[in-house]
Amino acid sequence: MSLDRRQFLKTVSVLTGSAVLGPYTSALASGEFHGWPDRYGMLTDFTECVGCRSCEKACNEVNHLPQPEVPFDDKSVFDTQRRPTAHAYTVVNRYENTGDPGKPIYRKVQCNHCNEPACASACPIHAYTKTPEGPVLYNENLCFGCRYCMIACPFYVPAYDYASAFEPRIVKCVMCYDRIREGKIPGCAEACPTQSVTFGKRSDLLKLAAEKIAKDPERYIDHIYGEREAGGTGWLYISGVPFEQLGFSTDLPEKPMVEEVKGFLSSVPVVFTVWPALFGSIYAASRHHEAYTREEMQHQSKEGGKEK
Amino acid sequence: MKKIVFCLMAICLVLLLVQPLCAGSDSNAGAGPAAPSGVSAPGTILLDSLSRIYEPVNFNHDMHTSVAEHCSQCHHEHPSAKEVTCTECHSITATDFRRSAKTGFIACRSCHAAIDPAQPGFPGLKAAYHRTCFQCHRDMGDVGLDPLSCSMKCHAKKKG
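Predicted model only: the values in this text are computed from it and were never measured.

### A few points about the overall build of chain B
Step number 1: Of regular secondary structure, chain B possesses seven helices and two strands.
Step number 2: If you list the helices and strands of chain B from N to C, you get α-β-β-α-α-α-α-α-α.
Step number 3: Classification of the 160 residues of chain B by burial places 17% in the buried group.
Step number 4: For chain B, the proportion of contacts with a sequence separation of at least 24, taken over those separated by at least 6, is 43%.

Dropping the structure here:
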C-alpha cells in the first residue's frame, strides 16, 4: 500500500481535528436538548403522606411482584432505612419530625426518572431509554449485568436481581409506563389516599408545587427538590422540613450527571482509535527515516572506502 | 278471647302510627320522604363508593356534627362559611334536619370524581375524603403512626 506525503498529512490533520474538537461538538449538540416537552412526572408532597404504605402495596400488585415477608400494614419496616430492591420498586421510610414529634415524616423512595439519566449514559449497551412520555425504561433482555448504572445513579436507585446467574437483570420503577400508555395513572398515585403522590405533566406539577409553597409558606420550605438537582428529575418533591433531614442528597450539581463525565467519556474512543494510529504513524515515519539515514550513511561510507 | 285479639290489634295499630315519629333517632334509612339529591341527612352514613380493598365506612354524621365547629369545616362549599355552628340552623334528628336544611349540600362526589392528570392540583374523591378526615384525625394520632390504623380505625379489611 502506497501513501504519498500529501495524503498522509491530510489524514493526520483530519484525525487530529476530530480528536480535539470531537468532545466539544458532541457536548454542544446535546446541550441544546432540554427534555421532551409535555413529559409526565410525579410530585410527592411529604406534608400529606401518612405512611400508610398503600403505594408500596399497589406497586407490588401492578408489577406482579412476590408477596413480601412482612405485610404491608406492618410498621416494623420503618425501624430501618430501606432502599428499593428487585422485589420492591418503591419503599416508604420514616423520619423523625423534630418540629412536631407526634407527626413523623414519611419519604417514598423510587426511581426519579431524571431528565438526563446518568444510568442511561453509563450503560455500555444502551439498555436504558428516556421515553418522550417521561419514564426511564430499561431493556432487561439487553442487560448483561455490568451494574454501571447502579454506580452512576446519584440516587442509588437501580437494584439488582440475583435470582438467576444466567439471566441477570437490573430492576427499578418504570413509572408504570404501560399504564400511562393505556391512559391510566401509575399504581402508586392511584392508590395514595391523600394524593400526596400526584401524577401529571411535569410542567403542571412544577406550577402546582410552586403554588402550594406560595399559598402556605409556613407549611412548606421554599424548595422543589428535583426541579434542578442532577439536571432536573421527573419526580419532584415538596416538604415541610429541609430535604437533608429526609436523607436527600443536597450537594448534587445542577448540571446533568452526564455533563460531569462527558468530556472524559467522549475522549475514550478517540484515545483508543486515533492515538494509536497517529502515534503509530509518527513512530513508523521516524523508524523509516532512521533506517533511511542509516542506509544512506552506510552507502556513503562504502563509497568513501572504495575511493580510498 | 276476642277481647284479647282486639287489644293486641289496637296495640299494633298504635305502634304503627307512632313509629314514623321515632324515625331518625338511629338511622336515616327509610325515614320520611326521599331527600333531594345531594342532600345528606345526619345519622349514620355508609360511604361505599370506593370500597374496593376495604369494607364501606360507617360514618357517624351525628357525632361529627356535635364536635364540628361549623358545617363548612367539612363541607367546604357550605354557604354558612365559618360564622354559624351546625346546630344554629339544623336540628340533629333526620326529619327535622331535612326541614331545616334551606340549601342542599353538595355531595363530595359531585365535584370530586376520579383523579384527572390534567388537573393535578384537584383532589379526586378518595383524596377529598381522606384529606377532610385527616385534618383532625392526624392531630388526634389516629393516622400517621401505624399503617394498621387504616383498618383498625375506619376501614374493616375485606376478607378474601
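What follows picks up the thread again.
### Focus: the overall build of chain A
Step number 1: For chain A, the helix and strand inventory stands at eight helices and nine strands.
Step number 2: Burial analysis of chain A (308 residues in total) assigns 34% to the buried set.
Step number 3: Sequence-distant contacts in chain A: of pairs separated by 6 or more residues, those separated by 24 or more amount to 63%.

### Digging into the interface of chain B and chain A
Step number 1: The interface is formed by 20 residues belonging to chain B together with 23 residues belonging to chain A.
Step number 2: Elements with a contribution of two residues or more to the side of chain B that touches chain A: helix H6 (125–137) and helix H7 (149–154) of chain B.
Step number 3: Here the side of chain B that touches chain A gets five residues from one element, more than from any other, and that element is H6 of chain B.
Step number 4: Per-class residue counts for the side of chain B that touches chain A are 10 nonpolar, six polar and four charged.

### Notes on the nonpolar core
A general tendency of soluble globular proteins is for nonpolar side chains to be buried together.
Residues and elements named next belong to chain A.
Step number 1: By size, the foremost hydrophobic cluster in this structure holds 60 residues, and its most contacted members are Met42, Cys55, Cys119, Cys188 and Leu236.
Step number 2: Sort the elements by how many residues they give to this core and strand S9 (residues 235–238) lands first, with four residues.
Step number 3: In this view, Met42 contacts Met175, Ala189, Val197, Thr198, Phe199, Gly234, Trp235 and Leu236; residues no more than four positions away in its chain are not counted.

### Remarks on the sheet that holds strand S1 (residues 40–45) of chain A
Residues and elements named next belong to chain A.
Step number 1: Here we have three strands laid out as an open sheet, ordered S8-S1-S9, and mixed in their pairing. Across the chains shown, the open sheet's two edge strands, defined by having one partner strand only, are strand S8 (197–201) and S9. Direction aside, the axes of adjacent strands within the sheet are offset by 25 degrees on average.
Step number 2: Relative to S8, S1 runs antiparallel, the two sharing five bridges.

### Here's the deal with helix H2 (residues 54–62) of chain A
Turn by turn, an α-helix covers 3.6 residues, leaving residues three or four places apart pointing in a common direction.
Step number 1: The set of residues buried in H2 of chain A consists of Ser54, Cys55, Glu56, Ala58, Cys59 and Asn60 of chain A.
Step number 2: In the core, the buried residues of H2 of chain A are packed alongside strand S2 (91–95), strand S3 (105–109), helix H6 (187–191) and S8 of chain A.

### Quick word on helix H7 (residues 202–215) of chain A
Residue and element names in this part refer to chain A.
Step number 1: Spanning 14 residues, H7 covers 20 Å between terminal C-alpha atoms, matching the ideal 20 Å at 1.5 Å per step.
Step number 2: Among all positions of H7, only Arg202, Leu205, Leu208 and Ala209 are buried. Considered in projection along H7, the buried side chains sweep an arc of 115 degrees and stay on one side of the axis. Set apart from the buried face of H7 by more than 90 degrees, the exposed residues are Glu211, Ala214 and Lys215.
Step number 3: For H7, the secondary structure elements touched by its buried residues are S1, S8 and S9.

### Describing the environment of Glu61 of chain A
Step number 1: Of note, Glu61 of chain A is situated in helix H2.
Step number 2: Each C-alpha atom of the pair Glu61 of chain A and Tyr138 of chain A lies 20 Å from the other, and the pair is 77 residues apart in sequence.

### Things to note about unusual backbone geometry
All names here are of chain A.
Step number 1: In this model, His64 sits at a positive phi of 50 degrees, which is unusual for a non-glycine residue.
Step number 2: Mapped onto the elements of the fold, His64 is located in the loop between H2 and S2.
Step number 3: You can call His64 exposed: it has 6 C-beta atoms within 10 Å.

### Focus: the environment of Pro132 of chain A
Residue and element names in this part refer to chain A.
Step number 1: Inspection of the secondary structure puts Pro132 in the loop between strand S4 (128–130) and strand S5 (136–138).
Step number 2: Each C-alpha atom, one on Pro132 and one on Val171, is 20 Å from the other, the two residues being 39 residues apart in sequence.
Step number 3: Those residues in contact with Pro132 that lie beyond four places of it in its chain are Trp36 and Arg39.

### A few points about the environment of Glu96 of chain A
Residues and elements named next belong to chain A.
Step number 1: Checked against the element boundaries, Glu96 lands in the loop between S2 and S3.
Step number 2: Among the residues examined, Glu96 registers 10 C-beta atoms within 10 Å and is labelled exposed.
Step number 3: Here the alpha-carbon distance between Glu96 and Leu246, two residues 150 residues apart in the chain, equals 8.7 Å.

### Things to note about the confidence of the model for chain A
Step number 1: When pLDDT is averaged along chain A, the result is 87; 87% of the residues meet or exceed 70.
Step number 2: Under a pLDDT of 50 for its full length, residues 20–30 of chain A has, in the predicted model, seven contacts with residues more than four places off or in other chains.

### Some remarks on the confidence of the model for chain B
All names here are of chain B.
Step number 1: Taken as a whole, chain B shows an average pLDDT of 73; of its residues, 60% reach a score of 70 or greater.
Step number 2: By mean pLDDT, helix H1 (residues 2–22) is the weakest element of chain B at 52, and H6 is the strongest at 94.
Step number 3: Predicted confidence for residues 15–40 stays below pLDDT 50, and this span has 35 contacts to residues more than four positions away or in other chains.
Step number 4: Prediction confidence for the complex, expressed as pTM and ipTM, is 0.75 and 0.74 respectively.

Scoring rules and cut-offs
Residues numbered from 1 in each chain as written. Chains lettered and ligands numbered in written order. Predicted model: local features only at pLDDT ≥ 70, side-chain atom pairs only at ≥ 80, totals over all residues. Helix = DSSP H or I, 4+ residues; strand = E, 2+ residues; numbered from the N terminus. Buried ≥ 20, exposed ≤ 12 C-beta atoms within 10 Å, placed from the backbone. Contact = placed C-beta atoms within 7 Å. Nonpolar A, V, L, I, M, F, W, Y, C, P; charged D, E, K, R; others polar. Core = buried A, V, L, I, M, F, W, Y, C linked by C-beta atoms within 7 Å. Pairing = 2+ DSSP bridges. Axes fitted to C-alpha atoms, helices over the stretch in contact; angles between N-to-C directions. Expected span 1.5 Å × (residues − 1). Arc of directions from axis to C-beta. pLDDT = per-residue confidence, 0-100.

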